[in-house]
Protein chains: 2
Amino acid sequence: MSLPPPRDPDALPGASPPRATIADVAREAGVHASTVSRALNPATRGMVTEAVALRVAAVADRLGWRPSAVAAGLRTRKSRTIGILVPDLINPIFPPILHAVETLLAAQGYATLVANTDNDPAREALLIERMATHLVDGLMLASAAAGTGAISLCARLGIPAVLINRRMPEGAGCAAVSAVTNDDRHGIGLAVDHLVALGHRRIAHLGGPEGVSTATDRLQGFRDRLAQHGLEPAALRPAQAYTREAGRAAMQALLAEPGKGFTAVAVANDMLCLGVYDAMEAAGLRVAADISVTGFNDMPFVDRIHPALTTIRIQHDAMGRQAAEILLAEMADPTRPRQNIRLVPELVIRASTAPPVQEPACR
Amino acid sequence: MSLPPPRDPDALPGASPPRATIADVAREAGVHASTVSRALNPATRGMVTEAVALRVAAVADRLGWRPSAVAAGLRTRKSRTIGILVPDLINPIFPPILHAVETLLAAQGYATLVANTDNDPAREALLIERMATHLVDGLMLASAAAGTGAISLCARLGIPAVLINRRMPEGAGCAAVSAVTNDDRHGIGLAVDHLVALGHRRIAHLGGPEGVSTATDRLQGFRDRLAQHGLEPAALRPAQAYTREAGRAAMQALLAEPGKGFTAVAVANDMLCLGVYDAMEAAGLRVAADISVTGFNDMPFVDRIHPALTTIRIQHDAMGRQAAEILLAEMADPTRPRQNIRLVPELVIRASTAPPVQEPACR
DNA sequence: TTGTAAGCGTTATCAA
DNA sequence: TTGATAACGCTTACAA
């Protein structure tokens, strides 16, 4: 690639020269604009003589021509842009997913538009509308809580969409949209198995916010696996959100419940666990020694918290990558059958779980 | 807002009805398209009679009209889109910045295009070109290593840009681009003061990758403050990158250096500290008890690692917000003087620092 | 293989 | 205040 032509030295700083257009290249190369378009577009290069293609490319290069995705998009109704909505970028499980998504899309020539919904359905709808305005070719929703209209909004707007780490409730039009999630039921089951194997019999569940599919699945998986061991939940409590603060509050409430002694708590996600640690510290209880704690996600650095968290490792990367691949495939062929991918999680045993004490520390 | 017209029940799934355009609205409302444009664009609404504005709005609403940012962008050469380049989304200091940026920009009606450079200058250049293709109105660079052509590329492309958490080296055309950074020299100085106050005299520095402005500034700040205390660095070592693994490797090297006993190490960032902890554990050394460690950034959850990290808290939010504000201001007025904002960091004392032992654990 | 011409949806300029 | 017209930069039937 050569440099663009030297700038007019008299130009105001900030006032850059007008970009070369296809018409400019056409004039310089002595061919028609449509020929330039064909020569410069990799998909249509074959329609043009090798010699012409070379000459046009050289001229384009010399003039510093850059394609205008905007002009092309107006004509083709495609922006080569994909939007991704996340509930909360601060939650460490999303950056790895976003990283995987962006990397895969960039390799395919797509730009990635990111927005935070902050768990606000109204904001989510607004952002989807805005993305539609920008003519995104597809949308990845890591934010759609079951029951909100995000998915039907996408359908109305004619935007292909896939869900990441969220899925539609069973039966509620599952087939309408593809989803890539963890096998949350299986995952929480691994935690239950581990706790039971350690000897725990009185196990509580600190769940995610109600209505979120990950929370629902993990709760259900918890109950089912416990039942398979012939046990009942010692206590159940949803957190208000997947935040450290909500985890602290929920754990405090759990500890305060009368007559609900438990020796272990299976928590719906790692972020909540940080709050659980906070609440236990405040209550003078030791993690593992007094109450065993399991997390979910194996988010970065939980191997370095104290005590290191026993948790369920999910496949962040695969999640982002697969969702992006499915979206691209469905964009290319809208009749393609929808997919419901469940990635298999794995148990990571660290130091936050131990055999139970004889007397429940919390009763 | 009312619903768009019901879809044709015979339409293929995925084949949504063509979106209403301004021309459609004009026909239905019995006015000319340009009038519709004026009525619907908040900036020009005043040019049109109240009655007409109302009628047009009603029709637009009924037809489910949405503006096409693409068409408008082609005409106005503005996309209402801002790009942000980050070196590594996985590094936890970036999500909060990105969150702040996206929130502020969304409130101003801008969409945010995100891309990862993975610290690769070639990739960075490519992504900037691609963003130019998408006609971004401005660019936020959290990735520009001093010396790479990113800034001059933006200038050539005529894209307003600001740096976040990075700045141009002194004298190297500082004035050309605004930057929002931490006062890194002051920040590392706080760590040095704290260690000296604890009684440390043999203090090492584990720095960031060479050529990165944060690394340069922190190194310089370390030396300067140490000199003010009448001390020499006990040892200096740059990490290859701001990663846990690079931190581990650099700490191993530091521990292996002959005759360089030190009782404390001021590390250039928290991520590196995780590796420092790893290396110390592997070497059978205790953080704080044997060697005190300070970090930089106060990234999420370092209060929960063991021992809790003494570090320098930076203003992530303010950084993203201010950078976005400056960018918007410079987009509005390109002649606006460039700004070089340095945010003031603060020392957070936790458990990774303690008075030195008499005999250096590492000599 | 190349040229012609129309059009994507919006906004800006000019005239009425 | 509103209407007519052109233009933004590119793609794509269709014609040559």
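Predicted model, so just to flag it, every value in this text is computed and none were measured. (Residues numbered from 1 in each chain as written. Chains lettered and ligands numbered in written order. Predicted model: local features only at pLDDT ≥ 70, side-chain atom pairs only at ≥ 80, totals over all residues. Heavy atoms only, no water.)

Caption draft 1: Layout of the relation of the copies chain A and chain B. At an RMSD of 0.1 Å, chain A and chain B line up after a rotation of 180 degrees and a shift of 0.0 Å along the axis. Taken together, the rotation angle and the small translation identify this as a two-fold axis. No C-alpha of chain A approaches the rotation axis more nearly than that of A:Ile305, which lies at 1.9 Å. The fraction of interface residues of chain A whose copies in chain B are also interface residues reaches 100%, indicating that both copies meet through the same surface. (Least-squares fit on C-alpha atoms with pLDDT ≥ 70 in both. Contact = heavy atoms within 4.5 Å.)

Caption draft 2: Layout of the domain arrangement of chain A. All names here are of chain A. Domain annotation for chain A reports domain 1 (1-67), domain 2 (79-183 + 316-343) and domain 3 (184-314). The centre of domain 2, based on its C-alpha atoms, is set 28 Å off from the matching centre of domain 3. Carbon and sulfur atoms make up 50% of the area that domain 2 and domain 3 hide from each other, which totals about 1,400 Å². Where domain 2 packs against domain 3, one counts 2 salt bridges. (Domains from an automatic or database assignment. Buried area = accessible area lost by both parts, 1.4 Å probe. Salt bridge = Lys/Arg side-chain N within 4 Å of Asp/Glu carboxyl O.)

Caption draft 3: Structural detail: empty space enclosed by the protein. Tallying each qualifying case throughout the model produces 5 cavities of 30 Å³ or more. There is about 170 Å³ of room inside the largest cavity. What lines the largest cavity is A:Ala69, A:Val70, A:Ser79, A:Thr81, A:Leu113, A:His134, B:Ala69, B:Val70, B:Ser79, B:Thr81, B:Leu113 and B:His134. Elements represented by at least two residues in the lining of the largest cavity include exactly helix H4 (69-76) of chain A together with helix H4 (69-76) of chain B. Considered class by class, the residues forming the lining of the largest cavity number 6 nonpolar, 6 polar and no charged. Taken together, 13 residues form the lining of the second largest cavity, with A:Pro92, A:Pro95, B:Ile90, B:Pro92 and B:Pro95 sitting closest to its centre. Looking at the lining of the second largest cavity, the elements that each hand over two or more residues are helix H5 (94-107) of chain A together with helix H5 (94-107) of chain B. Looking at side-chain class alone, the lining of the second largest cavity contains 13 nonpolar, no polar and no charged residues. (1 Å grid on protein atoms, 1.4 Å probe; cavity = no way out; pocket = protein on both sides within 12 Å on 5 of 7 lines; lining within 4 Å. Points joined across faces, edges and corners; volume = space filled by probe spheres on them. Helix = DSSP H or I, 4+ residues; strand = E, 2+ residues; numbered from the N terminus. Nonpolar A, V, L, I, M, F, W, Y, C, P; charged D, E, K, R; others polar.)

Caption draft 4: Main features of the packing of H5(B) against helix H12 (residues 316-332) of chain B. Residue and element names in this part refer to chain B. Running from amino to carboxyl end, H5 crosses H12 at an angle of 40 degrees, the nearest separation of the two axes being 7 Å. Considered as vectors, H5 and H12 are oriented oblique to each other. For the pair H5 and H12, the sense of crossing is right-handed. Of the residues in H12, those in contact with Pro96, Ile97, Ala100, Val101, Leu104 and Leu105 of H5 are His316, Asp317, Met319, Gly320, Arg321, Ala324, Glu325 and Leu328. (Axes fitted to C-alpha atoms, helices over the stretch in contact; angles between N-to-C directions. Parallel < 35°, antiparallel > 145°, perpendicular 65-115°, else oblique. Left-handed = near helix turned anticlockwise from the far one by under 90°.)

Caption draft 5: Layout of the confidence of the model for chain A. For chain A, the average pLDDT comes to 91, and 91% of its residues sit at 70 or higher. Predicted confidence is poor over residues 1-14 of chain A, with pLDDT under 50, and the contacts of this stretch with residues over four places away or in other chains come to 18 contacts. (pLDDT = per-residue confidence, 0-100.)

Caption draft 6: Layout of the interface of chain A and chain B. With 60 residues of chain A at the contact, the number on the chain B side is 60 residues. Carbon and sulfur atoms supply 58% of the area that chain A and chain B bury against each other, a total of about 5,400 Å² over both sides. Here chain A is connected to chain B by 10 salt bridges. Across the pair B:Arg66 and A:Glu129 runs a salt bridge whose closest N-O atoms are separated by 2.0 Å. In this assembly, chain A and chain B are joined by 25 residue pairs in polar contact (both at pLDDT 80 or more). Every element with two or more residues in the side of chain A that touches chain B is listed here: H4, H5, strand S2 (111-116), helix H6 (121-133), helix H7 (150-157) and helix H11 (270-282) of chain A. No other element matches H5(A), which puts 7 residues into the side of chain A that touches chain B. Here the residues of the side of chain A that touches chain B sort into 30 nonpolar, 14 polar and 16 charged. (Polar contact = N/O pair within 3.5 Å; in protein donor to acceptor, adjacent residues only side chain to side chain.)

Caption draft 7: Summary view of the packing of aromatic side chains. All names here are of chain A. Counted according to the given criterion, the structure contains 0 aromatic pairs over all chains. The aromatic ring of Tyr110 is capped on one face by Arg80, whose charged end is 4.4 Å from the ring centroid. One residue, Arg218, lies across the ring of Phe296, its end atom 3.8 Å from the ring centre. (Phe/Tyr/Trp six-rings, centres within 6.5 Å; stacked < 30°, edge-to-face > 60°. Lys NZ or Arg CZ within 6 Å of the ring centre and 35° of its normal.)

Caption draft 8: Local environment of the protein's contact with DNA strand C. Contacts to DNA strand C come from 26 residues, most closely from A:His32, A:Thr35, A:Arg75, A:Arg77 and B:Ile22. Across the atoms of DNA strand C situated within 4 Å of the protein, the share located in sugar and phosphate is 64%. Interatomic distance of 2.6 Å between a side-chain N/O atom of A:Thr49 and a sugar or linking oxygen of DNA strand C. Note that a phosphate oxygen of DNA strand C is positioned 2.4 Å from one of the side-chain N or O atoms of A:Arg77. Of the residues forming the surface near DNA strand C, the biggest block, 4 residues, is contributed by H4(B). Of the residues that constitute the surface near DNA strand C, the class distribution is 10 nonpolar, 10 polar and 6 charged. (Near = heavy atom within 4 Å.)

Caption draft 9: Examining the environment of B:Phe222 more closely. Position of B:Phe222 relative to the elements: it lies in helix H9 (residues 213-228). Along the sequence, B:Phe222 and B:Glu325 sit 103 residues apart, while their C-alpha atoms lie 31 Å from each other.

Caption draft 10: Quick peek at the side chain of B:Arg304. Turning to its location among the elements, B:Arg304 is positioned in the loop between strand S9 (292-294) and strand S10 (311-313). Judged by relative accessible area, which is 9%, B:Arg304 ranks as buried. Among residues more than four places away in sequence, those in contact with B:Arg304 are A:Arg244, A:Leu274, A:Tyr277, A:Asp278, A:Glu281, A:Arg304, A:Ile305 and A:His306. (Buried < 20%, exposed > 50% of the residue type's maximum accessible area, 1.4 Å probe, protein only.)

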